[in-house]
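Chain by chain, the residues:
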Amino acid sequence: MRDTITDANFPKTADGRVYHLGIKDGEVANRIVTVGSISRAQDIAKHFDSSPKPFSLQSERGFLTITGRYRGVPVSIVCIGMGGPNVDFFIREVRECVRGDLLIIRLGSCGCLTDLPVGSLILPKASIAVTRNLDFDFANGDHWRTPYRLSKPVSADLDLLMAQLKGALESARPVAAPNPIVTNAVNASTDSFYSSQGRQTSFQDYNSGLIDHLKETIPDITSLEMETYWIFHLAASWKGLSTPSPASNFPLATSPVLPSHSSPHPQGVDFSNDVHKPLIKAAAVQMVFASRRSQDFITPQQVSELEAWSGGAVLEALRAMNVPHNRLHPNEGSV
Ligand code: R1P
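For clarity, every value in this text was computed on a predicted model and none was experimentally measured.

Caption draft 1: Molecular detail of the pattern of salt bridges. Within the structure shown, the criterion is met by 19 salt bridges. Its salt-bridge partner being Arg17, residue Asp15 comes within 3.6 Å of it at the nearest N-O pair. Residue classification places Asp15 among the partly exposed residues on the basis of a relative accessible area of 45%. Relative accessible area serves as the criterion here: at 18%, Arg17 is assigned to the buried category. One salt-bridge network, held together by shared partners, links Asp15, Arg17 and Glu27.

Encoded structure:
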């Protein structure tokens, strides 16, 4: 039987579980790796310390959260499936369950628009969104409108990216792995694997010139995938407003100290004017599975090797990020 939900604005169960991820306060850590596939999440979790035993919860909607310790530091791995809408569920619901800073690294696959070989790693400095213009007349053609919209870029968190991720990947590089690691790259996240990535299908998508248009318009455009932009966008735009719910009567913060663990509502404090407000820092590691230039596709063996290398390095980068104690959840990863 389904649990009773208490609040239509931000639905939660009576014991505080968010509606789609199924987790509650304390079951997710401040440091998070997010991936698209269950097997990738489970493989990364093999790097966790064996004690305490990691917590694992798969929600009815298919989100998987594994929280454990990596070399003593609490980390969560959250598998979100694919696409921007799932990113939205993930970021907003996790934000509701964690106090303090969130450090999020997406480890995902991508297609590559340049001549980088499959198996390369791209750490994008920024991402744009490419979305299908639903006002364009796809049935009959349209002389007035553009079929695809390109957003302005949003930046990765450069501390996570340059200070931690690149070094962790280089240090963990397997002997004899020649795979390039590229940082001077811009990513495009799309709302379709097909139309807004310029693939030709039986649908009339008016996209045959889309990839050339991207290359001409976006300096350093390198990769295409479907989530990074939405992670960066939500991370950059979160201002720590209190969630308007019955619990938002909780008083405004008057000191730089994070609310105590007895707070009835994790985000029931308005940090929007507080220089010590929590942050969401986000970066991405993108594994080149498909070359859109040569049409090469990565082999299963290469995928295993690349995921083993990059998965361990992402955990190491998160562990090494120095976060002051008062910017962390008081009982993070205690499950
Ligand atoms: C499409 O096959 C999926 O693969 C890429 C895209 O962003 C999209 O989610 O990422 P993942 O490998 O993380 O799923």
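Caption draft 2: Structural detail: the side chain of Glu225. Secondary-structure assignment places Glu225 in strand E12 (residues 221–225). Residue Glu225 is classed as buried on the basis of its relative accessible area, which comes to 3%. Setting aside anything within four residues of it in sequence, one finds Glu225 in contact with Arg106, Ser109, Cys110, Asn187, Ala188, Ser189, Thr190, Gln197 and Gln286.

Caption draft 3: Focus on the site of the ligand. The local shell around the ligand consists of Gly36, Arg40, Met82, Arg106, Gly108, Ser109, Phe193, Glu225, Met226 and Glu227. Here an oxygen atom of the ligand sits 3.1 Å away from a polar atom, N or O, in the side chain of Arg40. Between the ligand and Ser109 there is a distance of 2.5 Å, counted from an oxygen atom to a side-chain nitrogen or oxygen. In isolation the ligand offers 350 Å² of accessible surface; the protein chains occlude 83% of this area. Here the ligand is seated within the largest pocket. Sort the elements by how many residues they give to the shell around the ligand and strand E5 (residues 102–112) lands first, with three residues. For the shell around the ligand, the per-class residue count stands at three nonpolar, three polar and four charged.

Caption draft 4: Representation of unusual backbone geometry. Ser51 connects to Pro52 through a cis peptide bond whose omega is -5 degrees. With respect to the element layout, Pro52 can be found in the loop between helix H1 (38–45) and strand E2 (55–58). Positive phi, normally seen in glycine, also occurs at Ala176, with a value near 70 degrees. By the element assignment, Ala176 lies in the loop between helix H3 (158–171) and strand E10 (181–182). Positioned with a positive phi, Tyr206 is a non-glycine residue whose angle comes to about 50 degrees. Along the polypeptide, Tyr206 turns up in the loop between strand E11 (186–190) and helix H4 (210–217).

Caption draft 5: Quick look at the packing of aromatic side chains. All told, the structure shown has seven aromatic pairs when counted by the stated rule. Ring geometry for Phe136 against Tyr206: centres 5.1 Å apart, planes inclined by 65 degrees, an arrangement best described as edge-to-face. Pair noted here: Phe136 is in the loop between strand E7 (126–132) and strand E8 (148–150) and Tyr206 is in the loop between E11 and H4, with a separation of 70 residues, a long-range link. With a centroid separation of 6.2 Å and 70 degrees between ring planes, the pair formed by Phe138 and Tyr148 is classed as edge-to-face. Taken as a pair, Phe138 in the loop between E7 and E8 and Tyr148 in strand E8 lie far apart in primary sequence, 10 residues in all. Relative accessible area serves as the criterion here: at 12%, Phe138 is assigned to the buried category. Given a relative accessible area of 6%, Tyr148 falls into the buried group. Ring pairing ties together the aromatic residues Phe136, Phe138, Tyr148 and Tyr206, which thus form one cluster.

Rules of the game
- Residues numbered from 1 in each chain as written.
- Predicted model: local features only at pLDDT ≥ 70, side-chain atom pairs only at ≥ 80, totals over all residues.
- Heavy atoms only, no water.
- Salt bridge = Lys/Arg side-chain N within 4 Å of Asp/Glu carboxyl O.
- Buried < 20%, exposed > 50% of the residue type's maximum accessible area, 1.4 Å probe, protein only.
- Helix = DSSP H or I, 4+ residues; strand = E, 2+ residues; numbered from the N terminus.
- Contact = heavy atoms within 4.5 Å.
- Near = heavy atom within 4 Å.
- Polar contact = N/O pair within 3.5 Å; in protein donor to acceptor, adjacent residues only side chain to side chain.
- Areas by Shrake-Rupley, 256 points an atom, 1.4 Å probe, with all protein chains shown as cover.
- 1 Å grid on protein atoms, 1.4 Å probe; cavity = no way out; pocket = protein on both sides within 12 Å on 5 of 7 lines; lining within 4 Å.
- Sits in = over half its atoms within 2 Å of the grid points.
- Nonpolar A, V, L, I, M, F, W, Y, C, P; charged D, E, K, R; others polar.
- Phe/Tyr/Trp six-rings, centres within 6.5 Å; stacked < 30°, edge-to-face > 60°.

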